[in-house]
Every structure is written in C-alpha cells, then in structure tokens.
Amino acid sequence: DLLRATPCIYPAFGRITSWYGWRINPVTKRRAFHHGVDIGSKIGTPIYATADGVITETGRLKLFGKFVTIKHKFSYKTKYAHLHKILVKKGDHVVRGQIIALMGNTGRSTGAHLHYEVWKFGRNINPRPYLHKRYNDIIVRK
C-alpha cells in the first residue's frame, strides 16, 4: 500500500524548466519561492497520476489555471496545474500512471508546462526525490 501511495514517477514527459526552491519568477521578475517542479512540453501532452489516490479537487484558479489535486494514503497529496484539459472529476479513484489531464498554458504561465507539487503531512515538500523514470508504470486507463 505504501509503495502504491507514494509518488514515484514523472507526471509528464518533457524538460524540467524550473526546480523547487528560490528563483526569479519569470512573470514578476522578482525573487520568489517556487513550490513545485515545472515540466515543459507541448500543449496536449498527457499528465499522469504519480501514485494511486482519489481526486479531491479540480477547477480553475487565477494563478494555477486549470488544476487537479489527488489525495493519496499515508498523508501524501499531489497537485497538477496549468492544465489544458482535465480528464477526471472529484471523487474519481486513480492509479499510478493513469492519464488525468493534458498539459496546458492556463493561469499565470509563460508557456505550455505542468506545475507539479508534492505534499506530505499537510506541508509542501521538494518533489525531486519522488521523480523516477519508470516508463513501465505508465499505463492508459479510462
């Protein structure tokens, strides 16, 4: 159960354009803390659930644009933002590798990318240790 609930694959194929931590915000040009990892690619690139869980939130926010939040067991939560299209709804159960959305450029964004966050015990944490390229875990399910 712990393995299936722990985020451990890349949420999308693409290039890391910004890591977690302090940076110069590309929109405001000011120093700000970046709470996730940005993965850049083309609009419509599939976004994958990084662990088994339940969709707790979908919608649109001014800064995040279209977004999805997944609650996982063992106090994990993952967030996916700047989406073009959301393919799941609140209450859906998802499995690691399932396509949940398509990459976009919504909200405050300078180009097509995914903003991905990992939370543990209600606190935002660095997603880098949870990113592993395990292509055999990526599956397509309806």
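Calculation rules
- Residues numbered from 1 in each chain as written.
- Predicted model: local features only at pLDDT ≥ 70, side-chain atom pairs only at ≥ 80, totals over all residues.
- Heavy atoms only, no water.
- Helix = DSSP H or I, 4+ residues; strand = E, 2+ residues; numbered from the N terminus.
- Polar contact = N/O pair within 3.5 Å; in protein donor to acceptor, adjacent residues only side chain to side chain.
- Contact = heavy atoms within 4.5 Å.
- Buried < 20%, exposed > 50% of the residue type's maximum accessible area, 1.4 Å probe, protein only.
- Phe/Tyr/Trp six-rings, centres within 6.5 Å; stacked < 30°, edge-to-face > 60°.
- Lys NZ or Arg CZ within 6 Å of the ring centre and 35° of its normal.

Student: Mind showing me how you'd approach the side chain of serine 18 here?
Tutor: Mapping serine 18 onto the fold places it in strand E1 (residues 15–18). Within polar-contact distance, the side chain of serine 18 engages the side chain of arginine 23 at 2.9 Å. Leaving out residues up to four positions away in the same chain, serine 18 has contacts with Arg23, His34, Gly36, Val37 and Asp38.

Student: I would appreciate a short explanation of unusual backbone geometry in the present structure.
Tutor: What is expected of a backbone is that most residues other than glycine have negative phi and most peptide bonds are trans. Its identity is not glycine, yet serine 75 carries a phi of approximately 70°, on the positive side. Following the sequence through the fold, serine 75 ends up in the loop between strand E7 (65–71) and strand E8 (76–86). According to the relative accessible area criterion, serine 75 is partly exposed, its value standing at 39%. Phi is positive for phenylalanine 121, which is not a glycine, with a value near 55°.

Student: Explain the packing of aromatic side chains to me, please; I cannot follow it from the model alone.
Tutor: The way to describe two aromatic rings as a pair is by their centre distance and the angle between their planes. Counted under the stated rule, the structure contains five aromatic pairs. Plain terms: the ring middles of phenylalanine 13 and tyrosine 48 are 6.0 Å apart, the flat faces sit at 85° to each other, and that makes the pair edge-to-face. In this pair, phenylalanine 13 is assigned in the loop between helix H1 (2–5) and E1 and tyrosine 48 in strand E5 (residues 46–48), connecting sequence segments 35 residues apart. With a relative accessible area of 7%, tyrosine 48 lands in the buried category. A ring pair is formed by tyrosine 76 and tyrosine 130, whose centres lie 5.8 Å apart and whose planes are at 75°; its orientation type is edge-to-face. In this pair, tyrosine 76 sits in strand E8 while tyrosine 130 sits in the segment after strand E12 (123–125), placing the two residues 54 residues apart along the sequence. In terms of burial, tyrosine 76 and tyrosine 130 fall into one category: buried. Through a chain of ring-to-ring contacts, three or more aromatic side chains come together here, namely Tyr20, Trp22 and Phe33. Lysine 77 extends its terminal NZ or CZ atom over the ring of tryptophan 119, reaching a point 5.2 Å from the ring centre.

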